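Here is how the chains run, residue by residue.
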Amino acid sequence: MSTASTASSASTGSTASPASTGAGGSSAGVPTAAGSSGSSAATSGSAAPSGSGSSAASGTGSAGIAGCTPAELKTQKAGTLTVATSEPAYEPWMVEDDPTNGKGFESAVAYAVADRLGYGKNQVAWTRVAFNAAISPAPKAFDFDINQFSITEDRRKAVDFSSGYYDVTQAVVTVKGSPVAGAKSIADLRSAKLGAQIGTTSLTALKSQIGPSGSPAVFQTNDAAVQALKNGQIDGLVVDLPTAFYLASAELDDGVLVGQLPATGGAPEQFGLLLEKDSALTSCVSKAVDALRADGTLAQLSTRWLAQAGAPVLQ
């Protein structure tokens, strides 16, 4: 995705985070507490809500995947799946900074993956790991980490990734009172003055998917683009969806996430579960993610936690 950086205070998992302090990522702007400790004490996952995917009242998960059952997987702790995320963890990826409650897109995905591997909700333990510690080549104290990590070839040199569990889309963000604040479709955006950072997929999407009637505003950085939006020089800004959530909720006064653009046929940027390099778990975790994509679970969770959180798809 983009190589942008905005004025946020912490790094994120996607490929160019706001104020990305070494995160190496995108303009996905949900911050992940750059100052958090590399790994704090694990929190029990028993607080996951009913319906998070566990199929047995006894606490054991579903039947699992052949060759990938709790008895066969070499996890950090036998019979337990240890899952990491950052601290704090932000909505809509986690809710109330509590990954154990099963609320929020990534918390729900983590429990769904655990269930596919045969782990019940009481067999999932959570730990907190800072973003930079997770992507380093150092040994890991978790089985997988879920924290909006964009899959990149450079990162693959140090860590493993599962199959992608989320395809990053582009979105339009603005402020209350803007001409596009109430836009319901792409057609509603075409006459507006929209901007994006130069050299990003956001700018490409602005030109190719929205097709504005006038020339888009092009900025050297996302910081400059955000400032232009605050100053009323543009009506809206195109960024990737994680950045849009962050800008609308934390960076902009009276921010409005107008909506996300439809996915295109090209290869999308994807978030993947992060594992230790050459982990024996990578294949099984990928199989679980693939199964969740194939049966529509990932799409359902995306609709529930992302689209319904204020990011409808603009057509």
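Above this text sits the structure in question.
Residues numbered from 1 in each chain as written. Predicted model: local features only at pLDDT ≥ 70, side-chain atom pairs only at ≥ 80, totals over all residues. Heavy atoms only, no water.

Enquirer: Is there a simple way to think about the nonpolar core in this case?
Expert: Side chains of nonpolar character tend, in soluble globular proteins, to be buried together. Counting 60 residues, the largest nonpolar core has Val113, Leu117 and Tyr165 as the members making the most contacts within it. Leu189, Ala192, Ala196 and Leu206 belong to the second-largest nonpolar core, a separate cluster that totals 16 residues. (Core = buried A, V, L, I, M, F, W, Y, C linked by side-chain atoms within 4.5 Å. Buried < 20%, exposed > 50% of the residue type's maximum accessible area, 1.4 Å probe, protein only.)

Enquirer: I keep staring at the pairing of strand β9 (residues 236-240) and nothing clicks. Help me out?
Expert: Across a regular strand the side chains alternate sides, sitting on one face of the sheet and then on the other. Within β9, five of the five residues are buried, which leaves the element mostly enclosed by the surrounding structure. With four bridges connecting them, strand β6 (residues 170-175) and β9 associate as antiparallel partners. The residue bridging Val173 from the neighbouring strand is Leu237, located in β9. Looking at chain direction, strand β7 (residues 194-197) and β9 are connected through two bridges and run parallel. (Helix = DSSP H or I, 4+ residues; strand = E, 2+ residues; numbered from the N terminus. Pairing = 2+ DSSP bridges.)

Enquirer: I'm lost on the environment of Pro179 in this one. Help?
Expert: The residue Pro179 is located in the loop between β6 and β7 in this model. With a relative accessible area of 66%, Pro179 lands in the exposed category. Residues Pro179 and Asp235, 56 residues apart in the sequence, show an inter-C-alpha distance of 6.3 Å.

Enquirer: Quick question: what am I supposed to make of the sheet that holds strand β8 (residues 217-219) here?
Expert: In sheet architecture, strand pairing relies on hydrogen bonds along the backbone and comes in two forms, parallel and antiparallel. In space, the five strands of this open sheet follow the order β8-β7-β9-β6-β10, with mixed pairing throughout. Looking at the sheet topology across the chains shown, the edges are occupied by β8 and β10 (255-260). Neighbour-to-neighbour, the strand axes of this sheet turn through a mean angle of 30°, independent of strand direction. Here helix α6 (residues 241-251) sits on the sheet in contact with β6, β9 and β10, set at roughly 130° to β9. (Axes fitted to C-alpha atoms, helices over the stretch in contact; angles between N-to-C directions. Contact = heavy atoms within 4.5 Å.)

Enquirer: Can you walk me through the pattern of salt bridges in this structure?
Expert: Where charged atoms from two side chains of opposite charge come close, those side chains can pair. Going through the model one piece at a time under the given rule, you end up with five salt bridges. Of the charged contacts in the structure, one is a salt bridge between Arg156 and Glu153, with a shortest N-O distance of 3.2 Å. On the criterion of helical spacing, the pair formed by Arg156 and Glu153 is a turn pair, its members being three residues apart in helix α3 (residues 153-156). Looking at Arg156, the relative accessible area reads 31%, which means it is partly exposed. Note on Glu153: relative accessible area 59%, which makes it exposed. (Salt bridge = Lys/Arg side-chain N within 4 Å of Asp/Glu carboxyl O.)

Enquirer: Can you help me understand the packing of helix α1 (residues 105-116) against helix α7 (residues 282-294) in this one?
Expert: Think of two packed helices as two axes; the pair is described by the angle between the axes and how far apart they sit. With their axes 9 Å apart at the nearest point, α1 and α7 run at an angle of 110° to one another. With respect to α7, the axis of α1 lies roughly perpendicular. Relative to α7, α1 is oriented so that their crossing is right-handed. On α7, the residues that touch Ala112, Val113 and Arg116 of α1 are Val285, Ala288, Val289, Ala291 and Leu292. (Parallel < 35°, antiparallel > 145°, perpendicular 65-115°, else oblique. Left-handed = near helix turned anticlockwise from the far one by under 90°.)

Enquirer: For this particular structure, what's the right way to read unusual backbone geometry?
Expert: Comment: phi is negative for the bulk of residues other than glycine, and the bulk of peptide bonds are trans. With an omega of 0°, the peptide bond running from Glu87 to Pro88 counts as cis. Between Glu91 and the following residue, Pro92, the backbone shows a cis peptide bond with an omega angle of 5°. Tracing the backbone through its elements, the reader meets Pro92 in the loop between β2 (81-85) and α1. Notably, Glu96 is not glycine yet its phi reads approximately 60°, a positive angle. As for its placement among the helices and strands, Glu96 is situated in the loop between β2 and α1.

Enquirer: Is there a simple way to explain the side chain of Gln209 in this structure?
Expert: The residue Gln209 is located in helix α4 (residues 201-210) in this model. Only 2.9 Å separates the side chain of Gln209 from the backbone oxygen of Pro262, close enough to count as a polar contact. In this view, Gln209 contacts Ile186, Arg190, Thr204, Leu261, Pro262 and Thr264; residues no more than four positions away in its chain are not counted. (Polar contact = N/O pair within 3.5 Å; in protein donor to acceptor, adjacent residues only side chain to side chain.)

Enquirer: Quick question: what am I supposed to make of the state of the cysteines here?
Expert: Each disulfide consists of one covalent bond between the sulfur atoms belonging to two cysteines. What the rule picks out here adds up to one disulfide. A sulfur-sulfur separation of 2.0 Å characterises the disulfide bridge that pairs Cys68 with Cys284. On the sign convention where negative is left-handed, the bridge of Cys68 and Cys284, at about -75° about the S-S bond, is left-handed. Taken as a pair, Cys68 in the loop between β1 (43-44) and β2 and Cys284 in helix α7 lie far apart in primary sequence, 216 residues in all. Across the pair, exposure class does not vary: Cys68 and Cys284 are buried alike. (Disulfide = S-S within 2.5 Å.)

Enquirer: What should I look at first to understand the environment of Val256 in this one?
Expert: With respect to the helices and strands, Val256 occurs in strand β10. Residues Val256 and Val173 lie 83 residues apart in sequence; the distance between their C-alpha atoms is 5.7 Å. When residues no more than four places from it in sequence are discounted, the contact partners of Val256 are Val172, Val173, Thr174, Val175, Lys176, Ala181 and Ala248.

Enquirer: Can you walk me through the packing of aromatic side chains in this structure?
Expert: In this description, an aromatic ring pair is defined by two values, namely the gap between the centres and the angle between the planes. Tallied over the full model, the rule gives 10 aromatic pairs. Ring geometry for Trp93 versus Phe105: centroids 6.1 Å apart, planes at 75°, classification edge-to-face. Of this pair, Trp93 sits in the loop between β2 and α1 while Phe105 sits in helix α1; the two residues are 12 residues apart in sequence, bridging distant segments of the chain. The same class applies to Trp93 and to Phe105, which are both buried. With a centroid separation of 6.0 Å and an interplanar angle of 65°, the aromatic rings of Trp93 and Phe271 are classed as edge-to-face. You can see Trp93 sitting in the loop between β2 and α1 and its partner Phe271 sitting in strand β11 (residues 270-276), a full 178 residues away along the chain. There is no split in this pair, since Trp93 and Phe271 are both buried. (Phe/Tyr/Trp six-rings, centres within 6.5 Å; stacked < 30°, edge-to-face > 60°.)

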